[in-house]
Amino acid sequence: MDLEGVSRSQPIKKDSWKTVITLAYQSLGVVYGDLSTSPLYVYKSAFAEDIHHSETNEEIYGVLSFVFWTLTLVPLLKYVFIVLRADDNGEGGTFALYSLLCRHARVSALPNCQLADEELSEYTKDGIESDKGNIGWRLKSTLEKYKVLQSSLLVLALIGTCMVIGDGVLTPAISVFSAVSGLELSMSKEQHRCSEAMFADLGHFSQLSIKIAFTCMVYPSLILAYMGQAAYLSKHHTIESHYRIGFYVSVPEKIRWPVLGIAILAAVVGSQAIITGTFSIIKQCSALGCFPKVKIVHTSSKIHGQIYIPEINWTLMLLCLAVTIGFRDTKRMGNAAGLAVITVMLVTTCLMSLVIVLCWHRSVLLAICFIFFFGSVEALYFSASLIKFMEGAWVPIVLSFIFLIVMYVWHYGTLKKYEFDVQNKVSINWLLGLGPSLGIVRVKGIGLIHTELVSGIPAIFSHFVTNLPAFHQVVVFLCIKSVPVPHVRPDERFLVGRVGPKEYRLYRCIARYGYRDVQKDDNEFEKDLVCSIAEFIRSGRPAYVVGTEDTVNDENMTVVGTLSSNLEGIRMCEDDGNSGDIAGTSELREIKSPKRVRKRVRFVVPRSPQIDIDALEELQELMEAREAGLAFIMGHSYVKTKKGSSLMKKVVINLGYDFLRRNFREPTFALSIPYASTLEVGMVYYV
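On a predicted model such as this, the values are computed, not experimentally measured, just so you know.

1. What about the overall build of the protein chain?
Phase 1: Helix and strand counts for the protein chain come out as 18 helices and 14 strands.
Phase 2: Across the 687 residues that make up the protein chain, the buried fraction comes to 52%.

Rendered as structure tokens:
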């Protein structure tokens, strides 16, 4: 059972028992859909080879015993009672475990992390620095010191993720094939053979509901189903073919059709669950910089996390059809799916052993016992799957290798591009030498410059200042970044600060999103962005200190929430300039622009705090700039290797990364902005 793509809800208050029971009931189809269909083919898989019945039925009872202890040790003991506790603020999966390790050991794959990110509400981190002599602290220090270990940890997480994506190709085929085999049994006498391991996935549910569903319903039902089949086989030694060893032959003919319908429905639901989980995995990888940008469609405005990715959906469909047409039987599909799932189990076991030490602060001996006990059980499955390499098990290896290459090439190219930005950022002394006017004409409006930097001035800004005769009166350096937590609360969304002295009207705004957060559309985001700057101005933060901008100084930045979350802060109202004044309360007062323009912008601020004259003037200038319009300035990068680079680096950057950059989408936030307000400037990055 893997935890990839899990999104278990984390309620603010404790769920009622009615809610828990409802979630447990819903999880029967979504979480345990494919696991519940395993009785359809396990015995067929076990007796697919030349195994003959004995009078003592020892081979039947041996398989039953093997199935019983597998269900007890792996899904029940390991996942339900241990691994589920290692959730990342309600999220589970390979990347959730990796995210936990990133926060506790500071081995994040994200290059633009800040100390301010550790103050987020969901950035739960119990440090182990207090006891620097223990083994856990030494292990943490070793991981932080050696880059090769950090890269190995990332590759391990990516391997598990890629195997789950491969599982998303194989599960629909094997599940539906096995369910439909009952239809063939009722309508024909054809012979079929099929070798699949038991596995499952988790969905959008709480830990308690999953535990109740498995321990009280799924686990006893599966055990009874396997016992019933074993009892039937022990009394019916004479069979027409291996095909008739399957589940449906033990079902009475009078109820075989209803059972067949339920099995097909469970197979379809289980297949849809793994496909939806694959969408979530791709979104997580893309947010953490390990997968190219893809189009993400949010299918529900009310239920968080329901997404659809057209490119991935079509890719899964084509690969699933290719596997189905190429294999045409569930034996080789089962071999392929078995290797994919057991690999994810091994990766989870390895990551969990690190979580036990670094996150739970338990004894290293306990972690060793965990990895040896469960790892030895899973190693048996893994070795058995490798034996079937030429009989279908090669498929997940090939698929995972392709996805792994794509992920690692994209991550490597993105990291090198960021390093170039850091090394070539403009000095603050250069900006101070230009003066408040920046040496050019400042026209009305807001210039929004996108950058990956969280400190310093990007090189793209110097191109504008030195090559254009005019620039906007208000300039915002916008960094939209992901942080290693599943969600960022709306009231902690923005970090706002100044770049240079106050009279320069240069601001830095960092919008932070978790790897499962939904980014808003352009209009709502623009309002949140402008209001966050206005709230920063109203807060009266200390003036800019010379010499601090070139360093990551989070103390000079203010945490500001979104417009909807900051009910006591500044609100912004926009209209076409013809409507009357909005109705205000006694505790609110308006700052209006002096001129009547096509679009009128008004800031509604609380009356109680006193705002000084300079802040009022700055707010009015920001308001006028918003009325004049907002322009998006983006860099269109071309990444090339430097002279003297190795052949491998040239292949990865000049061919691999360049191919992915050209054939995938721009950053997510850039997809919905109006093209009429966008200006792209090409830049060559020599990495």
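2. Looking at the packing of aromatic side chains
Phase 1: The final tally for this structure, using the stated rule, is 13 aromatic pairs.
Phase 2: Ring pairs connect the aromatic residues F370, F373 and F374, which therefore count as one cluster.
Phase 3: The ring of W360 has R85 lying over it, and the distance from NZ or CZ to the ring centre is 4.8 Å.
Phase 4: Just above the ring of Y685 sits the side chain of K417; from NZ or CZ to the centre is 4.9 Å.

3. So, the pairing of strand β13 (residues 630-640)
Phase 1: Direction of pairing for strand β5 (residues 441-450) relative to β13: parallel, over a ladder of four bridges. The residue bridging G447 from the neighbouring strand is A631, located in β13.
Phase 2: Pairing of β13 with strand β14 (residues 678-686) involves nine bridges; the strand directions are parallel. The residue of β14 that forms the bridge with H636 is G682.

4. Examining the state of the cysteines
Phase 1: Per the counting criterion, the structure on display carries zero disulfides.
Phase 2: Cysteine C162 remains unbridged, with the sulfur of C285 as its closest cysteine sulfur at 7.3 Å.
Phase 3: Among the cysteines around C359, which has no disulfide bond, C102 carries the closest sulfur, lying 9.8 Å off.
Phase 4: Take C359: its relative accessible area is 8%, and that puts it in the buried class.

5. Notes on the nonpolar core
Phase 1: Membership of the largest hydrophobic core comes to 73 residues, with the highest contact counts inside it found for L101, F291 and M352.
Phase 2: When residues of this core are assigned to their parent elements, the largest contribution, 17 residues, is made by helix α11 (residues 330-358).
Phase 3: With residues up to four places along the chain from it excluded, the contact list for M352 reads I82, V83, A86, L97, W360 and F370.

6. Re the pairing of strand β6 (residues 470-483)
Phase 1: Where burial is concerned, most of β6 is hidden: 13 out of the 14 residues are buried.
Phase 2: Both β6 and strand β8 (residues 506-514) contribute to a ladder of nine bridges, which runs parallel. The residue of β8 that forms the bridge with I480 is A511.

7. Focus on the environment of F494
Phase 1: The residue F494 is located in strand β7 (residues 494-498) in this model.
Phase 2: Given a relative accessible area of 1%, F494 falls into the buried group.
Phase 3: Between the C-alpha atoms of F494 and R512, which are 18 residues apart in sequence, the distance is 6.3 Å.

8. Things to note about the side chain of E378
Phase 1: Checked against the element boundaries, E378 lands in helix α12 (residues 364-387).
Phase 2: Looking at E378, the relative accessible area reads 1%, which means it is buried.
Phase 3: Within the structure, E378 has its side chain in polar contact with the side chain of K78 (distance 2.4 Å).

9. Brief notes about the packing of α11 against α12
Phase 1: As a packed pair, α11 and α12 sit with axes 9 Å apart at the nearest point and diverge in direction by 170°. Between α11 and α12, the angle falls in the class roughly antiparallel.
Phase 2: Residue composition of the contact of α11 with α12, grouped by class: 18 nonpolar, six polar and one charged.

10. Structural notes on the packing of helix α4 (residues 58-80) against helix α8 (residues 207-235)
Phase 1: At a closest axis distance of 10 Å, the pairing of α4 and α8 adopts a crossing angle of 175°. Judged on the interaxial angle alone, α8 and α4 are roughly antiparallel. In contact with I60, Y61, L64, V67, F68, L71, T72, P75, L76 and V80 of α4, α8 contributes K211, F214, T215, Y219, L222, I223, Y226, M227, A230, L233 and S234.
Phase 2: Taken together, the residues of the contact of α4 with α8 sort by class into 17 nonpolar, three polar and one charged.

11. Quick notes on a nonpolar patch on the surface
Phase 1: A surface patch of nonpolar side chains, amounting to about 840 Å² of accessible area, comprises L386, F389, M390, W394, I397, V398, F401, I402 and I405.
Phase 2: By the element assignment, W394 lies in helix α13 (residues 394-423).

12. Things to note about helix α15 (residues 459-467)
Phase 1: Within α15, the full set of buried residues consists of A459, I460, F461, S462, F464 and V465.
Phase 2: As for α15, its buried residues are in contact with α14 (428-434), β5, β6, β13 and β14.

13. Concerning the sheet that holds β6
Phase 1: One open sheet holds the seven strands; their spatial order is β9-β7-β8-β6-β5-β13-β14, and the pairing between them is mixed. The two strands at the open ends of the sheet, each matched to only one other strand, are β9 (557-560) and β14. Sheet twist, expressed as the mean angle between neighbouring strand axes with direction ignored, is 25°.
Phase 2: Where α13 meets the sheet, it contacts β13 and β14, and its direction lies at approximately 95° from that of β14.

14. Structural notes on the pattern of salt bridges
Phase 1: Counted according to the given criterion, the structure contains eleven salt bridges.
Phase 2: Ionic pairing is found between E535 and R538, a salt bridge with its closest N-O pair at 2.5 Å. Residue E535 and its partner R538 are located together in helix α16 (residues 522-539), separated by three residues, close to a single helical turn.
Phase 3: On the basis of relative accessibility, which here comes to 12%, the residue E535 falls in the buried class.
Phase 4: Judged by relative accessible area, which is 18%, R538 ranks as buried.
Phase 5: Through salt bridges with shared partners, a single ionic network connects D658, R661 and R662.

Parameters at a glance
- Along each chain, residues carry numbers from 1 onward, in the same order as the chain's sequence is written.
- Totals for whole chains, interfaces and linings use all residues, but because this is a predicted model, local features are given only for residues with pLDDT of at least 70 and pairs of side-chain atoms are given and counted only at 80 or more.
- Here the side-chain values reflect all heavy atoms present in the structure, with hydrogen atoms and water set aside.
- By the criteria applied, helices consist of DSSP H or I runs no shorter than four residues and strands consist of E runs no shorter than two, each listed in order from the N terminus.
- Only protein chains enter the accessibility calculation, which uses a 1.4 Å probe; a residue whose area is less than 20% of its type maximum is buried, one above 50% is exposed, and one in between is partly exposed.
- Aromatic rings from Phe, Tyr and Trp, with only the six-membered ring used for Trp, were paired whenever their centres fell within 6.5 Å, and each pair was classed as stacked if the ring planes differed by under 30 degrees, edge-to-face if by over 60, and tilted otherwise.
- Whether a charge sits over a ring comes down to the Lys NZ or Arg CZ being within 6 Å of the ring centre and within 35 degrees of the ring normal.
- Pairing between strands is defined by DSSP: at least two bridges between the two strands are required.
- Whenever a pair of cysteine sulfur atoms sits within 2.5 Å, that pair is classed as a disulfide.
- The nonpolar core is taken to be a set of buried Ala, Val, Leu, Ile, Met, Phe, Trp, Tyr and Cys residues, with the residues joined through side-chain atoms within 4.5 Å.
- By definition, residues are in contact when any of their heavy atoms lie within 4.5 Å.
- As used in this structure description, the phrase polar contact means that two N or O atoms lie within 3.5 Å; if the pair is within protein, one of them must be able to donate a hydrogen and the other to accept it, and residues adjacent in sequence are counted only when both atoms belong to side chains.
- Angles here are taken between N-to-C directions and fall from 0 to 180 degrees, while the axes themselves are lines fitted to C-alpha atoms, restricted in helices to the stretch in contact.
- In these notes the angle categories are as follows: under 35 degrees is roughly parallel, over 145 is roughly antiparallel, 65 to 115 is roughly perpendicular, and the rest is oblique.
- Under the grouping applied here, Gly and all other residues not named as nonpolar or charged are polar, the nonpolar ones being Ala, Val, Leu, Ile, Met, Phe, Trp, Tyr, Cys and Pro and the charged ones Asp, Glu, Lys and Arg.
- Patches were defined on residues exceeding 30% relative accessible area and lacking a salt bridge, with like-charge contacts within 9 Å and nonpolar side-chain contacts (Val, Leu, Ile, Met, Phe, Trp, Tyr) within 5 Å.
- Working definition of accessibility: Shrake-Rupley area with a 1.4 Å probe, residue cover restricted to the visible protein chains.
- Here, a salt bridge means any side-chain nitrogen of Lys or Arg that lies within 4 Å of a carboxyl oxygen of Asp or Glu.

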